[in-house]
There are 2 protein chains.
Amino acid sequence: MVSIKDIASDLGITAATVSNALSGKGRVSQDMVQRIRARADELGYRPNLAGRALRSGRTGILGLVMPDLTNPLFPRIAQTISNEADARQLGILIADSRGSAAEQSAALRRLLNLGVDGLLVVPQKGTSPDPMPVPVAVINTQSDPQNAVSADHVGGGALIARHIAEIGHRHLLLLGGDPVSEVQSDRIKGMTSALPADIQVDVLWGADGLAAVPERISQGVTAILTTSDLIALQVHSSLLRAQIPVPDRVSLTGFDNMSISSIMHPRLTTVAQNVEDIAARAIAIITAMIAGTPPPHLGEVVPMRLVIRQSTAIPN
Amino acid sequence: MVSIKDIASDLGITAATVSNALSGKGRVSQDMVQRIRARADELGYRPNLAGRALRSGRTGILGLVMPDLTNPLFPRIAQTISNEADARQLGILIADSRGSAAEQSAALRRLLNLGVDGLLVVPQKGTSPDPMPVPVAVINTQSDPQNAVSADHVGGGALIARHIAEIGHRHLLLLGGDPVSEVQSDRIKGMTSALPADIQVDVLWGADGLAAVPERISQGVTAILTTSDLIALQVHSSLLRAQIPVPDRVSLTGFDNMSISSIMHPRLTTVAQNVEDIAARAIAIITAMIAGTPPPHLGEVVPMRLVIRQSTAIPN
DNA sequence: TTGATGAGATTAAACGATTAATCTTGAGAA
DNA sequence: TTCTCAAGATTAATCGTTTAATCTCATCAA
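Residues numbered from 1 in each chain as written. Chains lettered and ligands numbered in written order. Predicted model: local features only at pLDDT ≥ 70, side-chain atom pairs only at ≥ 80, totals over all residues. Heavy atoms only, no water.

Engineer: Explain the protein's contact with DNA strand D to me, using residue names and the numbers behind them.
Structural biologist: Close contacts around DNA strand D come from 22 residues, with I4, Y45 and R55 of chain A together with T17 and S29 of chain B the closest. Counting only atoms of DNA strand D within 4 Å of the protein, the fraction found in sugar and phosphate groups is 61%. Y45 of chain A places a polar side-chain atom, nitrogen or oxygen, 2.5 Å from a phosphate oxygen of DNA strand D. Here a base nitrogen of DNA strand D and a backbone polar atom of G51 of chain A are 3.0 Å apart. At the level of elements, α2 (15–23) and α4 (49–56) of chain A together with α2 (15–23) and α4 (49–56) of chain B are the ones that each hand at least two residues to the surface near DNA strand D. (Near = heavy atom within 4 Å. Polar contact = N/O pair within 3.5 Å; in protein donor to acceptor, adjacent residues only side chain to side chain. Helix = DSSP H or I, 4+ residues; strand = E, 2+ residues; numbered from the N terminus.)

Engineer: Account for the nonpolar core, naming residues and giving values.
Structural biologist: Among the nonpolar cores identified, the biggest contains 134 residues, and I81, I224 and L225 of chain A together with I81, I224 and L225 of chain B are the most heavily contacted of them. Those residues in contact with I224 of chain A, other than ones at most four positions away along the chain, are L173, L175, V213, I217, V235, V250, S251, L252 and T253 of chain A. The next biggest cluster of nonpolar side chains, apart from the first, holds 26 residues, and it includes I61, L111, L119 and V134 of chain A. (Core = buried A, V, L, I, M, F, W, Y, C linked by side-chain atoms within 4.5 Å. Buried < 20%, exposed > 50% of the residue type's maximum accessible area, 1.4 Å probe, protein only. Contact = heavy atoms within 4.5 Å.)

Engineer: Now, about the pairing of strand β8 (residues 223–226) of chain B: what can you tell me, with residues and values included?
Structural biologist: Moving residue by residue along a regular strand, the side chains alternate between the two faces of the sheet. All names here are of chain B. Of the two faces of β8, the one carrying A223 and L225 and the one carrying I224 and T226 are both buried. Where strand β6 (residues 171–176) lies against β8, four bridges are found, and the strand directions are parallel. Of the residues in β8, the one forming a bridge with L173 is I224. As a crossover connection, the stretch from β8 through helix α11 (residues 229–241) into strand β9 (residues 251–253) is right-handed. (Pairing = 2+ DSSP bridges. Right-handed = clockwise from strand over helix to strand, strands pointing away.)

Engineer: Before we move on, can you summarise α11 of chain B with the specific residues and values?
Structural biologist: Residues and elements named next belong to chain B. End to end, α11 covers 18 Å across 13 residues, agreeing with the expected 18 Å (1.5 Å per residue, within 8%). Of all 13 residues making up α11, 10 are buried, and the element is well covered by its neighbours. Measuring from the backbone nitrogen of L230 back to the side-chain oxygen at the start of α11 gives 2.9 Å, which picks out S228 as the cap. Two residues or fewer past α11, Q243 is found with a positive phi of approximately 60 degrees. (Expected span 1.5 Å × (residues − 1).)

Engineer: Just give me the short version of the side chain of S237 of chain A, but keep the residues and values in it.
Structural biologist: As for its position among the elements, S237 of chain A is in helix α11 (residues 229–241). In terms of polar contacts, S237 of chain A uses its side chain to reach the backbone carbonyl oxygen of I263 of chain B, at 3.0 Å. In this view, S237 of chain A contacts I263, M264 and H265 of chain B; residues no more than four positions away in its chain are not counted.

Engineer: Give a description of the side chain of R187 of chain A that names residues and reports values.
Structural biologist: All names here are of chain A. Tracing the backbone through its elements, the reader meets R187 in helix α8 (residues 182–194). Given a relative accessible area of 3%, R187 falls into the buried group. Here the side chain of R187 touches D256 through a polar contact of 2.7 Å, side chain to side chain. When sequence neighbours within four positions are dropped, the list of residues in contact with R187 reads H153, G157, T227, F255, D256, Q273 and M304.

Engineer: Let's hear about empty space enclosed by the protein: which residues, and what values?
Structural biologist: A complete count under the given rule lists three cavities of 30 Å³ or more for this structure. Computed from the structure, the largest cavity encloses a volume of approximately 150 Å³. Considering the residues around the largest cavity, the lining is formed by 17 residues, among which I94, A95 and R110 of chain A together with S82 and D86 of chain B are closest to the centre. Among the elements that take part in the lining of the largest cavity, helix α5 (residues 73–87) of chain B stands out by supplying five residues, more than any other. By residue class, the composition of the lining of the largest cavity is 10 nonpolar, four polar and three charged. Approximately 90 Å³ is the volume attributed to the second largest cavity. As for the second largest cavity, its lining consists of 13 residues, of which L233, H236 and M264 of chain A together with L233 and H236 of chain B are closest to the centre. Counting only elements with at least two residues in the lining of the second largest cavity, the list comes to α11 of chain A together with α11 of chain B. (1 Å grid on protein atoms, 1.4 Å probe; cavity = no way out; pocket = protein on both sides within 12 Å on 5 of 7 lines; lining within 4 Å. Points joined across faces, edges and corners; volume = space filled by probe spheres on them. Nonpolar A, V, L, I, M, F, W, Y, C, P; charged D, E, K, R; others polar.)

Engineer: Mind laying out the relation of the copies chain A and chain B, listing which residues take part and the relevant values?
Structural biologist: When chain A is fitted onto chain B, the two copies agree to an RMSD of 0.1 Å after a turn of 180 degrees and an axial shift of 0.0 Å. Read as a symmetry element, the transformation amounts to a two-fold axis. Both copies share a contact surface, since 97% of the interface residues of chain A are interface residues in chain B too. (Least-squares fit on C-alpha atoms with pLDDT ≥ 70 in both.)

Engineer: Which residues make up the sheet that holds β8 of chain B, and what values do they have?
Structural biologist: Hydrogen bonds between backbone atoms are what pair the strands of a sheet, whose relative direction is either parallel or antiparallel. Residues and elements named next belong to chain B. One open sheet accounts for four strands, arranged β7-β6-β8-β9; its pairing is parallel. The open sheet has two edge strands, β7 (200–205) and β9, and neither has a second partner. Across the sheet, the axes of successive neighbouring strands diverge by a mean angle of 15 degrees, strand direction being ignored. (Axes fitted to C-alpha atoms, helices over the stretch in contact; angles between N-to-C directions.)

Engineer: Break down the protein's contact with DNA strand C for me, citing the residues and quoting the values.
Structural biologist: The immediate surroundings of DNA strand C are formed by 23 residues, with T17 and S29 of chain A together with I4, Y45 and R55 of chain B found nearest. Of all atoms in DNA strand C that approach within 4 Å of the protein, 59% are sugar or phosphate atoms. Contact between DNA strand C and S29 of chain A: a phosphate oxygen at 2.6 Å from a main-chain N or O atom of the residue. In this structure, I4 of chain B approaches DNA strand C through a main-chain N or O atom, which is 2.6 Å from a phosphate oxygen. Tallying contributions element by element places α4 of chain B first for the surface near DNA strand C, with four residues.

In structure tokens:
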């Protein structure tokens, strides 16, 4: 590998001048800068990050911890954050906290050992990351006091509930995966708080809730609002089995606009996160924290967008 | 951050002794080793990777390039590889090559700049990674001469085709996404080569193939074999729209045993990769290459496993 | 002529870990 | 007593980059 010294001895100058020229920091003549740049390109010079990290105390690598990479939402976030990081010459080490708070702590520790400058954490439901020796930015939801930036889950819940109310449904079932999840709780909260008082609302959670679906429909529920496209897919599957047509007999909504939601039949009405915006803000915040400058707009939430498809209809 | 020097001055010895004690390399008395270990733990010492990398020329970080993180198969592979790497004290930088060969080259370059010791590449369909200054292990399929390890896609195709033939289907439609993909071609190849000569087989690709599904069914096709669960889901969706029941009128199979395949209704008959085994072998191969020792079993394929569910049935 | 000034370069130290070479000490042998 | 030997430690250099401090000139003003 070609180092700064190779370029220097090649041009009969010292390493310091090369460093100054390439970083644009010291005083180097225009002419010299040109020649150094040209020679560096010719030799295919790539700065050695280890050397730089050792001197500067920064590795230029961020850690990203996600609760479950097999949930299609998270790879999308990871992908977007990676792109955003690339643009700033940063690397992203992705870790999966696989369902448990203990795994989350272990993942954080591993990333620290690898020398990350800062951490982006989408926390396990119901947990907060332990204090860390490097800056941490949490991506969760507004009810988490640690939240650095996130989608407006409350607002998203309100959007979809209002849509369902507007098209005439009067008896709803809200179905969440786990009330321990702040995100899902906020979504449910957003739904309930946006609904007029004359609408009857049942809230159920988890597998029990899923199992209760046919019964509730027989009791008059005409719309099922879930906190995730994955849950909606499961509901849809159980409705198919029970021969209950969507949306003719019951309307169904998801959350997060995953790719399956537009492949399903009927295509699913859902709410989309502005993943790009969230990723950009998260990176902006963590880089500011690392640089020691005041991070912009801590705790801000990014509006969600209602995506109306064929799984919701006027009740009959 | 506490360094080796802190421990040394703390115990009134030199850094070299601490390094020797912790790595078990030089000659250090048992007693001294004990004391150094104890003090290191107390102070919460974590080796600085930049220092080590600078001296040793190794960063302990591998790059993993995948074609599309939003395809649920790849996060699963990434997750498994990360786990395997963790166990060996290695870090994994994940990059997404997002659908194009150009993106793939760019991703490889970025990972190189970040100083990875080696690369694991699941290549874009129809491409081979450019030659690299660090070892590269390709995870693709047996027809790729560069393949270091992969699932036995041909064998997997044979498994599922044989199953369909055995339960009595005599007119099949094989549906692939893109013939340029070596993986998908091998799967189709495996299917066709395993089928008896008296079975009628149509092979179609892409969106045109998908559109032709109802027509082919009217021409007597009783089973549709796809090269991906995602394609199967799309087929299923179009069959639903056309009111063609699965598996009563037509059997349907996928590939890769993604999580959606067991959520769908009917649950999808598919073929599973042994992702853990592939990940373990891939890491073993790349670490051997990096160490300069001969890599074990280059080009081996890992058997796939048939997963029979409710989307396939005896034709009527 | 002397001094001040500043552009343009160099020197040297530092970051943390590793390791070959060297030094110190005590024990045992002759 | 002197010599040998090895265990147990230290010394010093090295990896590549950055940067504060310093040096060398040429230019220009007084």
